Amino acid sequence: MAETSGERANDPRDRKSQRHGGRLSDILMAIAGDESRERVSVADIFRAMGDRAFGALILIFALPNIIPTPPGTSALTGAPLVFLSAQLMLGQSPWLPKIIAERSMTRGDFASIVSRISPWLARGERMLRPRLGFLIYPPAEYLIGLLCLILSTVLILPVPLGNILPAIAICLFSFGILERDGLCVVLGTAMFVVSLTVVAGVLFALVKGFILLLTTTIF
């Protein structure tokens, strides 16, 4: 339901009774094909996904970072990811500020984007299924939130190409949440370790290079 401060999902205690059916690709296609809409907002996707809004929104904000993007893009998409990951970690219902929830695009532009990504998204979804449930539900879900929060923070850092691996890890976690697939969580955790290792290596090289340059200049 829309609120003056943003969008909020139903109480977590009601999640099972109000769980929405359908996969993300199907829901996005349905929204894109709804000719009664002039525009599609983040809030529309939020409401359509119901109790799975966490996974859907985290995936939507993480996907653009998988490919090289103009400087500053990761900072824009990383901020909502930090916001959502912190809520997931704390076991809160998903909520977005009004300024984010009301961001929208024309239905035609949305349909164009969905038509390009939905075949890939659907192909990925067909490979997923509910398994290893103990890795999806609380308290494991809170740990997923913590790992996504760390990765989202890394996304915001101005590290050259440092957004790709963390974004892939976040996407794996979000697929796990969406499809209740614990195997995705395992893969996401492995990618989490790889991401932090690579980013730490890049940061170390940059700092070492800066110190070397500074030393050479001064002495």
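How each quantity is defined
Residues numbered from 1 in each chain as written. Predicted model: local features only at pLDDT ≥ 70, side-chain atom pairs only at ≥ 80, totals over all residues. Heavy atoms only, no water. Helix = DSSP H or I, 4+ residues; strand = E, 2+ residues; numbered from the N terminus. Buried < 20%, exposed > 50% of the residue type's maximum accessible area, 1.4 Å probe, protein only. Contact = heavy atoms within 4.5 Å. Axes fitted to C-alpha atoms, helices over the stretch in contact; angles between N-to-C directions. Parallel < 35°, antiparallel > 145°, perpendicular 65-115°, else oblique. Left-handed = near helix turned anticlockwise from the far one by under 90°. Nonpolar A, V, L, I, M, F, W, Y, C, P; charged D, E, K, R; others polar.

**Q** Can you explain the overall build of the chain? Please cite residues and give values.
**A** The helix and strand inventory of the chain stands at nine helices and five strands. Counting from the amino terminus, the chain carries its helices and strands in the arrangement β-β-α-β-α-α-α-β-α-β-α-α-α-α. A total of 219 residues make up the chain; the buried ones form 42% of that total. Sequence separation of at least 24 residues holds for 78% of the intrachain contacts in the chain that already meet a minimum separation of 6.

**Q** So, the environment of Thr-106: which residues are in play, and what are the values?
**A** Looking at where Thr-106 falls in the secondary structure, it is placed in strand E5 (residues 104-106). The exposure class assigned to Thr-106 is partly exposed, which follows from its relative accessible area of 30%. As for Thr-106 and Arg-37, which are separated by 69 residues in sequence, their C-alpha atoms are 8.6 Å apart. For Thr-106, the contacting residues outside a window of four places in its chain are Glu-38 and Arg-39.

**Q** I'd love a proper account of the packing of helix H1 (residues 24-32) against helix H2 (residues 42-49), names of residues and values included.
**A** Relative orientation of the contacting elements H1 and H2 amounts to 130°, with a least axis distance of 11 Å. One way to sum up the angle between H1 and H2 is to call them oblique. Every pair of crossing elements has a handedness; the one defined by H1 and H2 is right-handed. Between H1, through Leu-24, Ile-27, Leu-28 and Ile-31, and H2, the contact on the second element is made entirely by Asp-44, Ile-45, Ala-48 and Met-49. Taken together, the residues of the contact of H1 with H2 sort by class into seven nonpolar, no polar and one charged.

**Q** I'd like a description of H2, backed by residues and values.
**A** Extensive coverage of H2 is indicated by the burial of six of its eight residues. Residues Val-42, Ala-43, Asp-44, Ile-45, Phe-46 and Met-49 constitute the buried set of H2. Gly-50 occupies a position one or two residues after H2 and carries a positive phi of about 60°.

Keep in mind that these numbers describe shape and distance, not what the molecule does.
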